[in-house]
Amino acid sequence: FWIFLALARATRLAKLNKTVNIKKAINETKTRFIPALIVTVIVSAVLITANIVGFLPYGIFLTLGILLKNSGLIIFSNILLLLGMFVTAILLIRWTVYYILAPYSNALDDIQKIQALKESKKLIKGRFFHVSILIAVPKLVFVLFGVLVMMILVYIVQVASVGISGLNTDLYVRILSI
């Protein structure tokens, strides 16, 4: 992240037709790294809050149901669990997209901690689905590429194990179970 910030700052200077000194950019980034890390922790706390909001009612009613030995409260808590999962998913997706630019706003634009969250949300506002796609597509490509590589490796291992075991089925099964 630190090197990325240094490169981003150097790129910004180059875009403004100013002289770029990589060593100076790296040294400037040292002072911006800790505040960006703090903003990242704040964003993480916001996302943890989404989990708490979604699952706290379930936990309260489940605890009451168990303590009072009331099956109706336990059933109600399970319904709250289902609703809580949907609420948590919606809040996590929404808040992740809204606050994904907050550390960059802090590190690159010198915007202070909470103001960086507001600035990030302001930048995303009106472009939510476009930004969501820009976040999701590279991740999906990497996951699909990873699955493809795993499939190729599994195929190679199976071919190699058949080659090693020859016609001995018992040995082939033992090799695959390792």
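Cut-offs used in this document
Residues numbered from 1 in each chain as written. Predicted model: local features only at pLDDT ≥ 70, side-chain atom pairs only at ≥ 80, totals over all residues. Heavy atoms only, no water. Helix = DSSP H or I, 4+ residues; strand = E, 2+ residues; numbered from the N terminus. Buried < 20%, exposed > 50% of the residue type's maximum accessible area, 1.4 Å probe, protein only. Contact = heavy atoms within 4.5 Å. Core = buried A, V, L, I, M, F, W, Y, C linked by side-chain atoms within 4.5 Å. Expected span 1.5 Å × (residues − 1). Arc of directions from axis to C-beta.

### Considering the environment of Arg 12
Checked against the element boundaries, Arg 12 lands in helix α1 (residues 2–15). A residue is classified by how much of its surface remains accessible, and Arg 12, at 38% relative accessible area, is partly exposed. Counting along the chain gives 11 residues from Arg 12 to Phe 1, while the straight-line C-alpha distance between them is 16 Å. Excluding its chain neighbours within four sequence positions, the residues that come into contact with Arg 12 are Leu 108 and Asp 109.

### Examining the nonpolar core
A general trend in soluble globular proteins is that nonpolar side chains are found buried together. Counting residues in each nonpolar core, the largest one holds 15 residues, and the members touching the most others are Val 43, Val 97, Tyr 99, Ala 102, Leu 117 and Ile 124. Among the elements of the structure, α2 (22–68), α3 (71–98), α5 (113–124) and α6 (128–165) are those that each provide at least two residues to this core. Here the element with the most residues in this core is α2; it accounts for 4 residues. Once residues lying within four places of it in the same chain are set aside, the contact partners of Leu 117 are Val 39, Ile 42, Val 43, Val 46, Tyr 99 and Ala 102.

### A closer look at α1
With 14 residues, α1 should reach 20 Å at 1.5 Å per residue; the first-to-last C-alpha distance of 20 Å fits that figure. Every buried residue belonging to α1 is among Leu 5, Ala 6, Arg 9 and Ala 10, and all of these are buried. All buried residues of α1 fall inside an arc of 135 degrees around its axis, so they share one side. In this structure, α1 carries Ile 3 and Lys 15 as exposed residues pointing more than 90 degrees from its buried face. Where α1 is buried, its residues touch α2 and α4 (102–109).

### A word on unusual backbone geometry
Its identity is not glycine, yet Asn 17 carries a phi of approximately 60 degrees, on the positive side. Assignment of secondary structure puts Asn 17 in the loop between α1 and α2. Although it is not a glycine, Lys 69 adopts a positive phi angle of roughly 50 degrees. By the element assignment, Lys 69 lies in the loop between α2 and α3. Look at Lys 69 and you get exposed, because its relative accessible area is 75%.

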